[in-house]
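# Descriptive analysis of the structure
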Amino acid sequence: MNGTIRVGNLFGIPFYIHASWFLVLGLVTWSYSSGLAAQFPQLSAGLALLLGLMTALMLFASVVAHELGHSFVAIRQGIDVKSITLFIFGGLASLEKESKTPGEAFWVAIAGPIVSLLLYGMLTAIGVTTTASGPLAAILGVLASVNLALALFNLIPGLPLDGGNILKAIVWKITGNPYKGVTFASRVGQIFGWVAILSGIVPLLFFGSFGNFWNLLIGFFLLQNAGNAAQFARVQEKLTGLTAEDAVTIDSPIVSANLTLREFADERVISGQNWHRFLVTDDDGQLVGAIAIDNLRSVPTALWSETQVKEVMRPITESTTVQSDQPLLEVMQLLEQQKLSVLPVIRKNGVLVGILEKAAIIQLLQSRTQPNPA
């Protein structure tokens, strides 16, 4: 992840902190230490700073607890949580995949706000039922208020906020189409993004006030992420029903294991084919390896006529192949995760179908988005 530092694991979940978080930590620490010093003059500067830092850390712990709420519900549904990241706008739990049903998606989305509301209730109860006073009471009040604000802000019904995911699940339930849910919730998120931007620009233009500058940042955050979510949903919808075999490259670079290197060079290399790597099959058409043009250099030219491709090829493991009936959306995600541009496609009996290129998926998407001629 760019700009992030891995600091360990939380309940087995990789935990990252974005560089921007340290800036926010410093600002929050300074803000609360200054507030405590002004409210309680008897505090020394050092103690006020220490209490401010503790308050800031507990606030971010509340954000982590919020994200753990999402994560634990997702894990119970069999969804792997790839990471939790703290960044300038809060936290993000990165899930391996979407929930299978709108009901499950709803509970994953609402779990975070529920945790924040529970923390608000618990901290409020502690403050009311105990004899806490002075700086301790002030800190409890701040923590309770922030958790309430965190829950309410995230319940705004627009992506990428939790409320947007809740709205997505509701629309998904009504329409039976998860992508319509994403599209609708993204549009609502963009509306809230523009409202936030206007609420920051208007005071700045007419009154010269920077008081709502934070709203500008939040607005741009909502606009960008809501737009990305809508775009990805459109891609997902276009790929629905397609399999890896649908995107296999015509005339894929495939050679027989029994060819001699001379035949291979004459038929495939010298003939003008632009491939630099070829998949190798046996007599039954099953994938057995791969050979690159550079591999020819390992054998003297004089021996090419008596050396077969299978003697020079490199083996291919199952982890670097995909099944022909595997959903194309899963294949695209695999290509992105493993930073690959090409994958061999095989049938369940091991017979090679061909290669699948990332560029072919893009072309397929473009062809499906073009209007049909009348």
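Calculation rules
- For every chain, the first residue of the written sequence is number 1, and numbering continues from 1 along that sequence.
- Local features in a predicted model are, by the rule used here, given only for residues with pLDDT of at least 70; side-chain atom pairs are given and counted only at 80 or more, and totals for whole chains, interfaces and linings are based on all residues.
- To obtain the side-chain values, all non-hydrogen atoms of the structure were included, while hydrogens and water were left out.
- Confidence scores here are pLDDT values: one per residue, from the predictor, ranging 0 to 100.
- Note on conventions: DSSP H or I runs of at least 4 residues are helices, E runs of at least 2 residues are strands, and numbering of each starts at the N terminus.
- The pairing criterion for strands is at least two bridges between them, as found by DSSP.
- In this analysis, two residues are considered to be in contact whenever any of their non-hydrogen atoms come within 4.5 Å of each other.
- Each axis is a line fitted through C-alpha atoms, and for a helix only the stretch in contact is used; angles between axes span 0 to 180 degrees, taken between their N-to-C directions.
- Note on aromatic pairs: the rings of Phe, Tyr and Trp (six-membered ring only in Trp) are paired at centre separations within 6.5 Å, and the planes decide the class, stacked below 30 degrees, edge-to-face beyond 60, tilted for the rest.
- Each residue gets one of three labels from its accessible area relative to the maximum for its type: buried under 20%, exposed over 50%, partly exposed in between, using a 1.4 Å probe on protein chains only.

For the protein chain, per-residue confidence averages 85 on the pLDDT scale, and 94% of positions sit at 70 or higher. Within the protein chain, the element-level pLDDT minimum falls on helix 10 (residues 358–369), averaging 74, and the maximum on helix 5 (residues 162–175), averaging 94.

Further remarks concern the sheet that holds strand 10 (residues 352–357). In spatial order, the strands read 8-9-10; together these three strands make up an open sheet with mixed pairing. Across the chains shown, the open sheet's two edge strands, defined by having one partner strand only, are strand 8 (322–323) and strand 10. Here strand 9 (residues 342–346) pairs with strand 10 via five bridges, running antiparallel. Of the residues in strand 10, the one forming a bridge with Pro344 is Ile355. Relative to the sheet, helix 9 (residues 328–337) contacts strand 8, strand 9 and strand 10, its axis offset from that of strand 9 by approximately 145 degrees.

Quick look at the packing of aromatic side chains now. Enumeration over the complete set of coordinates arrives at six aromatic pairs. With a centroid separation of 5.4 Å and 80 degrees between ring planes, the pair formed by Phe11 and Phe72 is classed as edge-to-face. With a gap of 61 residues between them, Phe11 in the loop between strand 1 (4–10) and strand 2 (13–18) and Phe72 in helix 2 (residues 45–76) connect regions that are remote in the sequence. Taking the relative accessible area as the measure of exposure, Phe11 reaches 65% and is therefore exposed. Chaining the aromatic ring pairs together yields one cluster made of Trp21, Phe22 and Phe60.

On to the pairing of strand 3 (residues 81–87), then. Taking burial as the measure, the seven residues of strand 3 include six buried ones, the bulk of the element. Sheet topology note: the strand 2/strand 3 ladder contains three bridges and is parallel. If you follow Tyr16 over to strand 3, its bridge partner there is Thr85.

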